[in-house]
Amino acid sequence: MTDECDDYVGFVHFSKSPRHISLDQAAALAAYRGRAESVLLLVNPDMTLVDHALATVQPAILQLHGNETPLFLGEIARRHDVKLWKALPVRTRADLAAAKDYRGLVGRILFDAKPPPGAEIPGGNGVRFDWELLRDAKLGFAWGLSGGLDPDNVAEALRITRAPLLDISSGVEDAPGQKNVDKMASFLNAVRTS
């Protein structure tokens with residue numbers, strides 16, 4: 001299962017995140033997303049939360065950003081007609097190998113930097129990993145790059161990885177959870193000209 005949309009807008013429902021919003025807020029925002037597909041991000045949810053979140057928000061995609069197992073994702077797929085994305089933390093080449101466990105279960109793997117020691121959140125920390133790990137990668141599945149991207153380094157990230165999808169959050173903020181429209185425009189312009 002692959003994604004056909006080029007633009008996505010994400011809603012974080014994880015109370016420890018500075019980007020956390022309620023499911024009702026996510027549902028209201030998803031109604032105004034324009035041509036972009038909505039992505040709901042959850043971290044280590046139980047199935048009760050998954051069921052409730054999907055019924056409330058009705059996102060096109062559910063992105064899981066915690067320690068969710070392939071077995072758990074398989075159960076979500078059996079219960080719900082929703083595209084699944086799985087974020088995987090990366091520090092070394094060996095970390096990329098975990099993606100094979102999710103093949104056939106998810107529409108996309110997002111490679112994100114491992115959080116710094118003691119971090120409260122698994123992503124959105126503004127940390128990048130060594131993008132050279134993905135140079136000339138022939139992964140055999142849909143994937144995306146996340147972690148530490150910003151308007152100043154996205155051209156380099158694309159040159160090295162040729163990532164088919166970019167996931168950005170903290171790199172277009174003035175402070176955690178406060179997006180900057182000019183930074184978002186600069187990021188998009190840098191992507192288009194790369």
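Up top you'll find the structure we're talking about.
All values derive from a computational prediction rather than experimental measurement.

Attention now moves to the overall build of the chain. A count of helices and strands for the chain gives six helices and nine strands. In terms of overall size, the chain behaves like a compact globule, its C-alpha atoms giving a radius of gyration of 16 Å where 194 residues would be expected to give roughly 16 Å. If one aligns the C-alpha atoms of the chain with their principal axes, the spans along those axes are about 40 × 35 × 35 Å. Among the 194 residues that make up the chain, the fraction classed as buried is 44%.

This part takes up the pattern of salt bridges. Under the counting rule described, the total for this entry stands at 13 salt bridges. The closest approach of N and O atoms between E156 and R128, which form a salt bridge, is 3.6 Å. Here R128 lies in the loop between β5 (108–113) and β6 (143–146) and E156 lies in helix α5 (residues 154–161), a separation of 28 residues in the sequence. A residue is classified by how much of its surface remains accessible, and E156, at 32% relative accessible area, is partly exposed. Between D174 and K183 there is a salt bridge, and its shortest N-O distance comes to 3.3 Å. The class of D174 is exposed, set by a relative accessible area of 52%. Linked by salt bridges that have partners in common, D51, E75, R78 and R79 make up one network.

All buried positions along α5 are accounted for by V154, A157, L158, I160 and T161. Angularly, the buried residues of α5 cover 170 degrees about the axis, an arc narrow enough to put them on a single face. Against β6, β7 (166–167) and α6 (181–192) lie the buried residues of α5. R162 lies just past α5 and shows a positive phi near 55 degrees.

Core analysis: the biggest nonpolar cluster contains 44 residues, and L40, L62, I76, F111, F129 and L145 have the highest contact counts within it. Of all the elements, helix α2 (residues 47–57) adds the most residues to this core, at five residues. Excluding residues that lie within four positions of it along the chain, I76 makes contacts with M47, V50, L62, L64, V82 and L84. Residues V39, W85, A87 and L110 belong to the second largest nonpolar core, which totals six residues.

Before going further, it helps to examine the sheet that holds β7. Judged by pairing direction, the sheet is parallel, and its seven strands sit side by side in the order β1-β2-β3-β4-β5-β6-β7 without closing on themselves. Each of the sheet's edge strands pairs with one partner strand only, and the pair in question is β1 (8–12) and β7. Sheet topology places β6 next to β7; two bridges connect them, and they run parallel. Opposite L145, over in β7, you have L166 as the bridge partner.

The tally for this structure, following the rule as stated, stands at three aromatic pairs. Note on Y8 and W85: the rings are 5.0 Å apart at their centroids and 70 degrees apart in plane angle, and the pair reads as edge-to-face. Separated by 77 residues along the polypeptide, Y8 in strand β1 and W85 in strand β4 (residues 83–90) bring together distant segments of the chain. Judged by its relative accessible area of 3%, W85 is buried. Residues F111 and W143 carry aromatic rings whose centres are separated by 6.0 Å and whose planes lie at 55 degrees to one another, so their mutual orientation is tilted. Note that F111 is positioned in strand β5 and W143 in strand β6, a separation of 32 residues in sequence. The class of W143 is buried, set by a relative accessible area of 7%. Through successive ring pairs, a cluster of aromatic residues spans F111, F141 and W143.

Calculation rules
Residues numbered from 1 in each chain as written. Predicted model: local features only at pLDDT ≥ 70, side-chain atom pairs only at ≥ 80, totals over all residues. Heavy atoms only, no water. Helix = DSSP H or I, 4+ residues; strand = E, 2+ residues; numbered from the N terminus. Rg over C-alpha atoms; globule rule 2.2 N^0.38 Å. Buried < 20%, exposed > 50% of the residue type's maximum accessible area, 1.4 Å probe, protein only. Salt bridge = Lys/Arg side-chain N within 4 Å of Asp/Glu carboxyl O. Arc of directions from axis to C-beta. Contact = heavy atoms within 4.5 Å. Core = buried A, V, L, I, M, F, W, Y, C linked by side-chain atoms within 4.5 Å. Pairing = 2+ DSSP bridges. Phe/Tyr/Trp six-rings, centres within 6.5 Å; stacked < 30°, edge-to-face > 60°.

These values are about where atoms sit, not about what they do.
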